[in-house]
Amino acid sequence: MRFLLHAVLAFITLAIPAPAADDVEAGAVQILTANCSQCHSKSAAMAGLDLSTRETALKGGQRGPSIIPGDSASSRLIQAVMRQGTLAMPPLKALPAADIEVLRRWIDGGAKWPDGPQASDAKWWSFRKPVRPQVPRSGNAWVRNEIDEFVLRKLGESRLHPAPEANRATLILRMYFDLTGLPPTAAQVRAFVEDRSPDSETRLVEELLASPRYGEKWARHWLDLVRYADTAGFELDPYIADAWRYRDYVIQSFNEDKPYDRFIREQIAGDEFFPEDPVAQTGTGFYCVGPNRDLYPDQSDINREETLTDFVDTTVSVFQGLTAGCARCHDHKFDPIPQADYFRVQAIFAPAVKTKVALNRLSSLGYEVAANVREIKLREIGDRIRAVQERCRKEIADWKKGRPTDEAIRACLSPEESAQLREIETQLVSMFANYQPKPFACGITDMWNVSPKTYLPEKSGRAKQEVEPGFFAVLGGGEVPPAPDKRETTGPIPLYPTTGRRSALAKWIATPENPLTARVMVNRIWQYHFGRGIVATPSDFGSRGRPPSHPELLDWLATEFVARGWSVKQIHRLILNSATYQQNAKATPEAAERDPENLLLSHFSRRRLQSDELRDAVLQVTGSLNLSTGGRPVVPPMSKEELHTFTQRPENAWVVTADASEHVRRSIYLLQKRTFRLPMMEVFDTPESMLTCPRRESSTTAPQSLTLLNGPFAVEQGKKLADALVSESKDDAALVDAAWRRVLARDPQAEERRMAIDFLTKQTDNTGSRTGAAVELIRGLLNLNEFLYVD
Amino acid sequence: MGFGAVAACGLLPGATVSPLAPKPPHALARAKSVIYLFMHGGVSHVDTWDPKPELARLSEQTLPGNFVKGLKTSRIDFTKAIVRGSPWQFKQHGQSGIAVSELFPNIARHVDEMALIRSCHGDAFDHAPAMYLLSTGSQFPGKPCLGSWSVYGLGSENQDLPAFVVMSDGAMKSGPQGFGAGYLPAVYQGTLFRRGKYPVLDLAAPEGVSDRTQRATLDFIGAMDRRHIEARPGDTDLEARLASYELAYRMQTSAPEAVDLSKETDATKKLYGIGDPVTDDFGSKCLLARRLVERGVRFIQLYSGTHQGDDWDNAHNDLVTSHNKMAAKSDKPISGLLTDLKSRGLLDSTLVVWGSEFGRTPLAEGKNGRDHHPYAFSIWMAGAGIKGGRVLGSTDEFGLRPVENPITAHDVNATILRLMGMDHTKLTYFYQGRDQRLTDVHGEAEFTKFLLG
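Residues numbered from 1 in each chain as written. Chains lettered and ligands numbered in written order. Predicted model: local features only at pLDDT ≥ 70, side-chain atom pairs only at ≥ 80, totals over all residues.

**Notes on the overall build of chain B**
The line we're drawing: Starting at the N terminus, helices and strands are each numbered in turn, a helix being any DSSP run of H or I of at least four residues and a strand any DSSP run of E of at least two. Values of the radius of gyration come from C-alpha atoms, whereas the globule rule sets the reference at 2.2 Å times the count of residues to the power 0.38. Using C-beta atoms placed from the backbone, we call a residue buried if 20 or more other C-beta atoms fall within 10 Å of its own, exposed if 12 or fewer do, and partly exposed for counts in between.
On a plain count of helices and strands, chain B comes out with 11 helices and 17 strands. Relative to the compact-globule value of 22 Å for 453 residues, chain B shows a C-alpha radius of gyration of 23 Å, a close match. In terms of its C-alpha atoms, chain B occupies a principal-axis envelope of roughly 80 × 55 × 40 Å. With 453 residues in all, chain B has 62% of them scored as buried.

In C-alpha cells, the structure reads:
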C-alpha cells in the first residue's frame, strides 16, 4: 500500500504542472481547515497543536514543531498525513494523495498563509460578487461556445485533450434523458442519426426544451432540493393537503422558463409580491411541503422551533448554497455566520403562518353560499346519525370499557335503526354527487403586519437578547424595513397586511448583487448535466465545501445567467450546444490517470439512471406510460410484502387510486410519503425528503438487482412487452430485433442477434413456451447496464 | 463488492470501493455483533426493572406539585393523575439479588450476566420522536441510526448477507426511519427480514421461473454486459453492477440457508419457546438472530410489538393485559437467546441490549393504564465482556426522574459504539458542512468503564 502511495505521488509530481503559489496556499489552508481543524484549532488544540495560524503551526504541539518551512520531508505534519512512523493523521481516513502533494508543495514553498482569502472573512471567493472574466480565445476549431474555451484552457494546463464527439445515437439518448428524463424511441434515434443538417443538434435541444416532459424532469431536481413530500412524516404521517399544487407549480415554472429571480420571489414571498396572483402564491408552498409534527399539539413550542429551523436551513441551503445550521447553536466555526445572523434570518419567518391559497378567489365573493348550506346540512346529518346510534353507544359502554368501535355499534343496531342509517347514507351520497371542492394550494403568509419577537437562545452569562430581522452581514447584511403601512400602499391592497420581511429577504437573494444566488443555480444546472458541479458540493459554497474546478467558467456562467434574464433554459442551451457536453464518454489512459474523477471534463461522465428515470423508462419502452399531467398524487398498488414497513393500517392510509390507467403515470406524480418510499424507488436512491437533497447518490447494491430482476413491477412490465412482441413477430429473429428496438432503441448487432436467438431457444425449452422465453428476454434486456446507464 | 457498493443523498461524488468490507475498529472491540432487542411501544419501568414500593403506599393519591413540576406527556396531567402501585410482585434473583418483577421470570435468571441501567431519561414523549432519539440521537427523523453507524464504521464479516438486519412484528410507529441510514449512503440502511423462506424483498425468482430459467437469464445478462463493458474499459461502476447480479443470485441461496431453522435441534428450539404458540414467533426471531451472529452479521435490531396489533403501548388502556401478554411472548425467547449464546461461546463477543423508547408513568392513566414516561426508564445490557449483576443509576422514590447517574440516549449509543471498538467522537461523516456524529456533541456520560467493571 505504501509503495503504491509513493508511486502515485511521484507520478502526480511529474504529471501535474505546478499551480500558482496563491492556489497552493489557499488550497493547503483549506485542506487543513477541512481535515485538521476539528481537533487542532485554537479552541480544541489537541496535543497542544493549533493549525489555524502560521505562528501556532510552526510552534507546534507537545511533539514539537509540526511544520518546517522549506522542508516538507522533515515536517511532522507530512509524516503524519503520510502515515509514516507512529503518527497517522487524520485518524480515521488518510488524505487523498493529491491533498498531501499540495501540503508538501506548500511547505516546500515556505508554508505561507494566504493573505486573507479564508472564509472567516468576507474575502472568501464565494462571498465576493462574481466578476465577468475575459473569455479565452484559443482559435481551436473544437470550440463551439464560451464554455469550451474555459474547459479547453484547463485541459491544456494539464496537457489533456477533449474527447471526440459522441456518436449521434449516444448523443440523442443523453439529451433525451438529461432534458426529459425519458429515452427516445428507435425511430427518433434513427431520424436523428440520419439528419445531416448542421443545426440538427440545436434543433433537438429546442424540441426537448419545448416538451412538457422537460418540466417534469427538472421539477424532480427542484423537489429533491426543497425536501418535497405529500405527507408530513412521524408516526401518523398525515397528508399535507394540496401539496401537489406546489409540485405542479414547479413543473409549470420550469416549462415556461420562469425567470429564476421571479421563481425565488414567488417561493419566498409570493403573497407579498403578488397578492392578486394565486399561482405566484402557490410558490410559497415551498414552506408547506417539508416535514412537520404539528399533530403533536402538546409540543407546539418545540414544533414551531423545528419549523423555523427547517425554513431557515432550507432557504439558505437551496438559494444560497450555505450550511447555516451550525450557526443555530453557536457562531459558525468555518464560515463567517455569527449566531446573531442566523436568528436575524429566523426572525424574518417569525410572523409566517401556513395558509390556504384560494386558486380561483373572487375578491368580491369571499363567502360561498353552496358551501355554507352544505356545512349546515352536514351538521344536521351528524346529529341524526348520533341520535340513531345513541342507544347502542350507551349499551356497549355499559359493559365494555373504552370507546365502542364502529364494528361493535353496527353489530348492536336493530334492523330498524340500520335502515334509518342507510337512508341517511343515501342522502349523504346525493349531497356530494355534484360536489367539487374549491381549488386551494398550500402556502404561507404573515399572520399580520406585526410579528412575535425573536431572541437569541439564552446562555449562562448572557441576558435575553432580542434580534431584529436582517440578513447575513457577510453577504451585505441589512435590516428589514419596517412593515409597510397599509394606508400608504399605492399598489394592490392585499387581503391581510404582512410585515414585508420575506419580500425583503427575497430582494436580497434575487438580485445580481448577491454573490451566491446566480453561482449556486448555474452550478446546480451544471451538476445535473455533468454529474458533478463546478463546485462539487452544490449546497456548500463555504470554506468546507470544495473549491470550484473552473472558477472563471462558474463566474462567466453566473453573469451570463443574469444577463440572459435569469433564464434557466438559456443555460441549458449553452451547455447542451457546447462541444464539452457533446464529447463521448471514453476516458483516454492519460485522462484516467491524471484526472480520474474527470474534474477537468476531458470526456463525458457516464451516469446511471435515477430511480424516477428508470421506472419511467421501463414504462415507456413497454408502451405502458401514461403521459397525462398534473393532479392529485397517484397511489399505485403494492403487495402486502412491499407494505411491510408501513406505519399505518394500509387499508386506511394506502388507498390505491381507483383508475388503473393512473398507476402507470410518470413517477413524479406518484404519492410521495415521508415514512414510506416505494421499495423500487428506495433501493435506487430516491431521497428520504426529510432534509434538502442537493445531489442524489448513485449506488450499486444487490437489492437493486433483486428488485429489477424479481420485483413485481419489472416482472409485470416485462410480461406486457413480451406478450405484445410475441404476437407481432413472425419468428425469433424478428422478435429479437423488435425487442432490441423497443428496449435499447437500436438494432441488435449480428452477434447479439445470434446470442439472443440461442437464448430464446434455450428458454423455450426451460419455460415450455415461446412467450415464457420472450418474457425472459425482456427481463434480461431491462436489466442490462446498457439500459441502466447513459453514456 | 459487498451486499452493496457505494452510496441516498450525499454531497460528493464518490469512487467505487467496497463500503461493507471489514474495517479495523479504533480500539479493542469487545462486541463483534450487536443484538438490540427493542420493546416497541414503551415498557413500564416501575413494573419491570425498577421497583418502587412507595407507589403502593401512596396509591390513589396525587403527588405534591414540586415532584411533578415541568413534566408533561401525551394524555395525562401529572398534577391531577393519581399514583398507582405495581400490580406485579418483585423478587430478588441470582447472587446479585437484583429485584425483577414477575413479568420476566426467565430473563430474571440471567441477572448476574446483566448490567441494568435504571436512570435512562429523555424528553420526547411521543413514540416516533422518542424512537428516533434513541436510535439516531435526534427527535427528528432523517438521521442515521446506531446500526447504520456501526456498519459504516466496521463494515461486515459476511458479504453475502446484509450487514444490518432488522426484524419486526409488523410496522413500527417510527416507520423505516427508525432503522434508516439517513444521510449515510443507502448501503448502510437496515435490511428488513420478513418471515418465510425468502427474507429479503424480491429475493425469490418470479412465480413460475425455475432456477434453470433464472440462471440462464442471468447468464444472458452477464454475456451482454461483458460486451458492453469491453467497449467501456476501466469503468468500475459497470463491473460492480455486473457483480451485484451474481451476489443477488448467491443471496438466493445464502439468505434462505440462514433463515432455515429446521436443522436446529429440538432442545435448542425448545430453549427459545419455538413450538409454543405464545413464544413461537419471537423465539424464532431470537434464534435467527443467533444464526445471523454466527454468520458474521454486524447488527441485528429486533423489535417486539407492532403498531398494528399486539403492542406494549396498549398499556394506555390496560397495563396488566398488555404487559402480561407482551412479556409472555418475549421472556422465554430472550432468556433462551442468552443461554444459547453463552453455551456456544458467542456471548463474549456479542452485545445484547434490551430497551424501549420510554418507560410509563408511575401515575395512572384512566382506570387501568399508564401513559408515556420518557423522564425515567430502564434498559439492560449483557455479553461483550460486561460484568453482570450490577445496577447503574437510580430514580427517585416514585420512578419519576433519575437521581443518580442520569443517562441519555447519546450516552447509551456512545457506550455501545465503544464496546464495538469505536470512539463515538471519531466516528464521523461529513454532511451539511460539518462532521456529523451519532452522538452530536453529547455522549459524555458514556458508561463503558462501569460495564466492564
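Right, picking up where we left off after that structure.
**Quick word on the confidence of the model for chain A**
Detailed conclusions should not be drawn from predicted coordinates in areas where pLDDT is low. Residue and element names in this part refer to chain A. Heads up, the condition is: The predictor attaches a confidence to each residue, and that confidence, scored 0 to 100, is pLDDT. It is the C-beta atoms, placed from the backbone, that decide contacts: two residues are in contact if theirs lie within 7 Å.
Here chain A averages 87 in pLDDT, and 91% of its residues register 70 or above. The low-confidence segment residues 1–19, where pLDDT is below 50, has 15 contacts with residues more than four positions distant or belonging to other chains. Low confidence marks residues 116–120, where pLDDT is under 50. Its contacts with residues over four positions away, or in another chain, come to 16 contacts.

**Structural notes on the nonpolar core**
In summary, soluble globular proteins display a tendency toward joint burial of nonpolar side chains. Applicable threshold: Under the definition applied here, buried Ala, Val, Leu, Ile, Met, Phe, Trp, Tyr and Cys residues are grouped into a nonpolar core through C-beta atoms within 7 Å.
Membership of the largest hydrophobic core comes to 306 residues, with the highest contact counts inside it found for I778 of chain A together with V34, L37, V353, W380 and M381 of chain B. What V34 of chain B contacts, discounting residues up to four positions off in sequence, is S150, F299, I300, L351, V353, I416 and M420 of chain B. Within the second largest apolar cluster, 23 residues are counted, among which are L49, A57, L103 and A111 of chain A.

**Observations regarding the environment of E276 of chain A**
The topology assignment puts E276 of chain A in the loop between α12 (260–273) and α13 (278–282). Along the backbone, E276 of chain A and Q717 of chain A are 441 residues apart, and their C-alpha atoms lie at a distance of 46 Å.

**Notes on the packing of helix α20 (residues 517–530) of chain A against helix α22 (residues 568–576) of chain A**
Helices that pack against each other are described as a pair by the angle of their axes relative to one another and the distance between those axes. Residue and element names in this part refer to chain A. What counts is decided by this rule: Angles here are taken between N-to-C directions and fall from 0 to 180 degrees, while the axes themselves are lines fitted to C-alpha atoms, restricted in helices to the stretch in contact. Here is the rule for angles: anything less than 35 degrees is roughly parallel, anything more than 145 is roughly antiparallel, 65 through 115 is roughly perpendicular, and the remaining ranges are oblique. Take the far helix as the reference: if the near one is turned anticlockwise from it by less than a right angle, the crossing is left-handed, and if turned clockwise, right-handed. Residues are grouped as follows: Ala, Val, Leu, Ile, Met, Phe, Trp, Tyr, Cys and Pro are nonpolar; Asp, Glu, Lys and Arg are charged; every other residue, Gly included, is polar.
Closest axis-to-axis distance for the α20/α22 pair is 11 Å, and the angle between their directions is 45 degrees. In this view, α20 runs oblique relative to α22, as classed from their interaxial angle. In terms of crossing hand, the pair formed by α20 and α22 is right-handed. Here α20 contributes V522, I525, W526 and H529 to the contact with α22, which in turn contributes V568, I571, H572 and I575. For the contact of α20 with α22, a count of residues per class yields six nonpolar, two polar and no charged.

**Considerations on the interface of chain A and chain B**
The interface is formed by 72 residues belonging to chain A together with 70 residues belonging to chain B. Those elements giving two or more residues to the side of chain A that touches chain B turn out to be β6 (700–701), α27 (702–710), α30 (750–767), α31 (770–782) and α32 (785–788) of chain A. In terms of residues, the side of chain A that touches chain B owes the most to one element, α27 of chain A, which gives seven residues. Among the residues forming the side of chain A that touches chain B, the class breakdown is 24 nonpolar, 26 polar and 22 charged.

**Observations concerning the packing of helix α5 (residues 211–230) of chain B against helix α6 (residues 236–259) of chain B**
All names here are of chain B. Between α5 and α6, the shortest axis-to-axis distance is 10 Å and the interhelical angle comes to 170 degrees. When the interaxial angle is binned, α5 and α6 end up roughly antiparallel. Contact residues: α5 offers L218, I221, G222, D225, H228 and I229, while α6 offers L238, E239, L242, Y245 and Y249. Among the residues making up the contact of α5 with α6, the classes are represented as seven nonpolar, two polar and two charged.

**Points about α12 of chain A**
Cut-off, in case you're wondering: Given a helix with a known number of residues, its expected span is that number minus one, times 1.5 Å.
With 14 residues, α12 of chain A should reach 20 Å at 1.5 Å per residue; the first-to-last C-alpha distance of 15 Å falls well below that figure. Taken across its 14 residues, α12 of chain A has 13 buried, putting it largely inside the fold.

**Topic: the sheet that holds strand β7 (residues 191–193) of chain B**
All names here are of chain B. Note the threshold: Between any two strands, at least two bridges found by DSSP are needed for them to pair.
Strand order in the open sheet made by the eight strands is β7-β6-β8-β2-β9-β12-β5-β13, with mixed pairing throughout. Single-partner strands in this sheet number two, and they are β7 and β13 (390–392). This sheet shows a mean twist of 20 degrees between the axes of neighbouring strands, independent of strand direction. Where strand β5 (residues 114–120) and strand β12 (residues 377–383) come together, five bridges link them in antiparallel fashion. Within β12, the residue paired with C120 across the bridge is F377. The sheet strands contacting helix α4 (residues 146–154) are β2 (33–39), β6 (164–167) and β8 (299–304), and the helix crosses β8 at an angle near 170 degrees.

**Section: the pairing of strand β9 (residues 350–356) of chain B**
Residue and element names in this part refer to chain B. The element β9 is largely enclosed, with a buried count of seven among its seven residues. Both faces of β9 are covered, namely the face carrying T350, V352, W354 and S356 and the face carrying L351, V353 and G355. Note that β2 and β9 share seven bridges and pair parallel. Paired with I35 across the bridge in β9 is V352. Pairing of β9 with β12 involves four bridges; the strand directions are antiparallel. Looking at the pairing, W354 lines up with W380 of β12.

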